[in-house]
Amino acid sequence: MSDNGDERLDRLFAAARNARMDTSAQEEYFETRLMARLRERRREGVPWYALLWRMVPVFAVLVVLIAVYSASYKIPSSDDLFAAISSGQEDYLAQNVLTGE
């Protein structure tokens, strides 16, 4: 019984290998269908994540420019030890005097 089953399977596999598929229906008007699909996708527009990926070089250039500017810009140091504490103090006092607080 097993020899008969193996023989039948071999014949079935041989028939499947020799059979040619009819692809003429899929080949017919292939270019027309492809162009219609491309036209439809183009009409949908660009997704938001694709725009983000296109903006990555711009953001990278901005980061490099900011890094170069911050590395080259030197803040003049003051000899006044209380400059950090008292900066803006005069404006605060003048506003309080004018508003009456």
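Residues numbered from 1 in each chain as written. Predicted model: local features only at pLDDT ≥ 70, side-chain atom pairs only at ≥ 80, totals over all residues. Heavy atoms only, no water.

1. Examining the overall build of the protein
When helices and strands are counted, the protein shows six helices and zero strands. N-terminal to C-terminal, the α/β element order of the protein is α-α-α-α-α-α. In the protein, which comprises 101 residues, the proportion classed as buried is 1%. On the protein, roughly 10400 Å² of surface is accessible, and the fraction owed to carbon and sulfur atoms is 62%. (Helix = DSSP H or I, 4+ residues; strand = E, 2+ residues; numbered from the N terminus. Buried < 20%, exposed > 50% of the residue type's maximum accessible area, 1.4 Å probe, protein only. Areas by Shrake-Rupley, 256 points an atom, 1.4 Å probe, with all protein chains shown as cover.)

2. Notes on unusual backbone geometry
A positive phi angle, near 60°, is found at Tyr29, a position not held by glycine. Mapped onto the elements of the fold, Tyr29 is located in the loop between α2 (24-27) and α3 (30-44).

3. What to know about the packing of aromatic side chains
Going through the model one piece at a time under the given rule, you end up with two aromatic pairs. With 5.8 Å between their ring centres and 85° between their planes, Trp48 and Tyr49 make a pair best called edge-to-face. Relative to Tyr73, the ring of Tyr69 lies with its centre 5.5 Å away and its plane at 15°, an arrangement referred to as stacked. Tyr69 gets classed as exposed once you look at its relative accessible area, which sits at 53%. (Phe/Tyr/Trp six-rings, centres within 6.5 Å; stacked < 30°, edge-to-face > 60°.)

4. A closer look at α3
Here α3 is 15 residues long and its end C-alpha atoms lie 22 Å apart, about the 21 Å a rise of 1.5 Å per residue gives. Positive phi shows up at Gly45, right after α3, with a value of about 100°. (Expected span 1.5 Å × (residues − 1).)

5. Describing a nonpolar patch on the surface
On the surface, a cluster of nonpolar side chains totalling about 540 Å² of accessible area is made up of Met55, Val58, Phe59, Val61, Leu62 and Leu65. Note on placement: Val61 falls in helix α4 (residues 48-72). (Patch = residues over 30% accessible without salt bridge, like charges linked within 9 Å, V, L, I, M, F, W, Y side chains within 5 Å. Salt bridge = Lys/Arg side-chain N within 4 Å of Asp/Glu carboxyl O.)

6. Focus: the confidence of the model for the protein
Chain-level statistics for the protein give a pLDDT mean of 83 and a share of 83% at 70 or above. Averaged pLDDT values over the elements of the protein bottom out at 64 in helix α5 (residues 83-86) and peak at 92 in α4. (pLDDT = per-residue confidence, 0-100.)

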